[in-house]
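Below are the chains, spelled out letter by letter.
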Amino acid sequence: NAGVTQTPKFQVLKTGQSMTLQCAQDMNHEYMSWYRQDPGMGLRLIHYSVGAGITDQGEVPNGYNVSRSTTEDFPLRLLSAAPSQTSVYFCASSPGTGGYSNQPQHFGDGTRLSIL
Amino acid sequence: KQEVTQIPAALSVPEGENLVLNCSFTDSAIYNLQWFRQDPGKGLTSLLLIQSSQREQTSGRLNASLDKSSGRSTLYIAASQPGDSATYLCAVITGGGNKLTFGTGTQLKVEL
């Protein structure tokens, strides 16, 4: 059971480049979400999904796009990378339906992204 | 807007000591509260989840309590060990979408 898998683990981009951070889970979880972690600011929600075909914005969505075509995958796209997007990105998933889940959320190991 | 605060930001204790980490939140209308552990360069591992109707949860040497009306939770670690050294994060779910609002964490170091 692989859990939540994020690729790549590390990436360096130049300003203006685009890329996709991959997230896959093999637990058939309905809820998936993307967070970024910055020193002194904790983890902040970028986008989230309550099921295949349904996505919504979190606290800091600007500059990022998501889609959820399958239950397993939830990729995060950086449209035009900026130095302010240098961060560690985490994907999370949990089971459940409705408004929220009382099951623990599972996190991937993160993608460390540097924008030059 | 929900805000989560964790005090202290950092803590260093000798091995064997019992310790308490604190978490407070501004909006008491939460669905649940979760405590996570994060090791350097790693992802988050869920330790305990307390539903809004519960007062505490226990797992091994860990005990988490929740006082929803006062907006507070504590994580109690008994007989601390060097392997407990990590950053501990608390997070709450307030609205729909299963969205977590995190505190900035307490960095714990347990010394031999």
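Here, every reference points to the structure presented above.
The following paragraphs examine the structure supplied in this document. Being a predicted model, the structure only gives us computed values, none of them experimental. (Residues numbered from 1 in each chain as written. Chains lettered and ligands numbered in written order. Predicted model: local features only at pLDDT ≥ 70, side-chain atom pairs only at ≥ 80, totals over all residues. Heavy atoms only, no water.)

**Things to note about the pairing of strand β6 (residues 54-57) of chain A**
Regular strands place their side chains on alternate faces of the sheet.
All names here are of chain A.
Then step 1. Note that strand β5 (residues 42-51) and β6 share three bridges and pair antiparallel. In the sheet register, G51 faces β6, and the bridge partner there is I54.
Then step 2. Hairpin connection of β5 to β6: two residues between the antiparallel strands, including G53 at a positive phi of 85°. (Pairing = 2+ DSSP bridges. Helix = DSSP H or I, 4+ residues; strand = E, 2+ residues; numbered from the N terminus.)

**Quick word on the environment of B:L49**
Then step 1. Structurally, B:L49 is set in strand β5 (residues 44-51).
Then step 2. Its relative accessible area of 11% is what places B:L49 among the buried residues.
Then step 3. Remark: the alpha-carbon pair of B:L49 and B:A64, spanning 15 residues in sequence, is separated by 8.4 Å.
Then step 4. Among all residues touching B:L49, those that are not within four sequence positions of it are A:N102, A:Q103, A:P104, B:N32, B:L33, B:Q34, B:Q54 and B:Q57. (Buried < 20%, exposed > 50% of the residue type's maximum accessible area, 1.4 Å probe, protein only. Contact = heavy atoms within 4.5 Å.)

**Digging into the environment of B:G71**
Then step 1. As for its placement among the helices and strands, B:G71 is situated in the loop between β7 (62-67) and β8 (72-77).
Then step 2. In this structure B:G71 comes out as buried when scored by relative accessible area, which is 3%.

**Structural notes on the sheet that holds strand β1 (residues 4-7) of chain A**
All names here are of chain A.
Then step 1. The strand order across the open sheet formed by four strands is β1-β3-β8-β7, and the pairing between neighbours is antiparallel. Taken across any chain shown, the strands that pair with only one partner, and hence form the sheet edges, are β1 and β7 (64-66). Each neighbouring strand pair of the sheet contributes to a mean axis angle of 20°, computed without reference to strand direction.
Then step 2. Relative to strand β3 (residues 19-25), β1 runs antiparallel, the two being bridged by four bridges. Residue pairing across strands places Q6 opposite C23, the latter belonging to β3. (Axes fitted to C-alpha atoms, helices over the stretch in contact; angles between N-to-C directions.)

**Considering the interface of chain A and chain B**
Then step 1. Of the residues lining the interface, 24 residues belong to chain A; the matching set on chain B comes to 24 residues.
Then step 2. Between chain A and chain B lies a buried interface of about 1800 Å² when both sides are counted; carbon and sulfur atoms form 54% of it.
Then step 3. Joining chain A to chain B, the criterion identifies one salt bridge.
Then step 4. Every element with two or more residues in the side of chain A that touches chain B is listed here: β4 (31-38), β5 and β9 (87-94) of chain A.
Then step 5. The element best represented in the side of chain A that touches chain B is β5(A), accounting for five residues.
Then step 6. A breakdown of the residues in the side of chain A that touches chain B according to their chemical character gives 11 nonpolar, 10 polar and three charged. (Buried area = accessible area lost by both parts, 1.4 Å probe. Salt bridge = Lys/Arg side-chain N within 4 Å of Asp/Glu carboxyl O. Nonpolar A, V, L, I, M, F, W, Y, C, P; charged D, E, K, R; others polar.)

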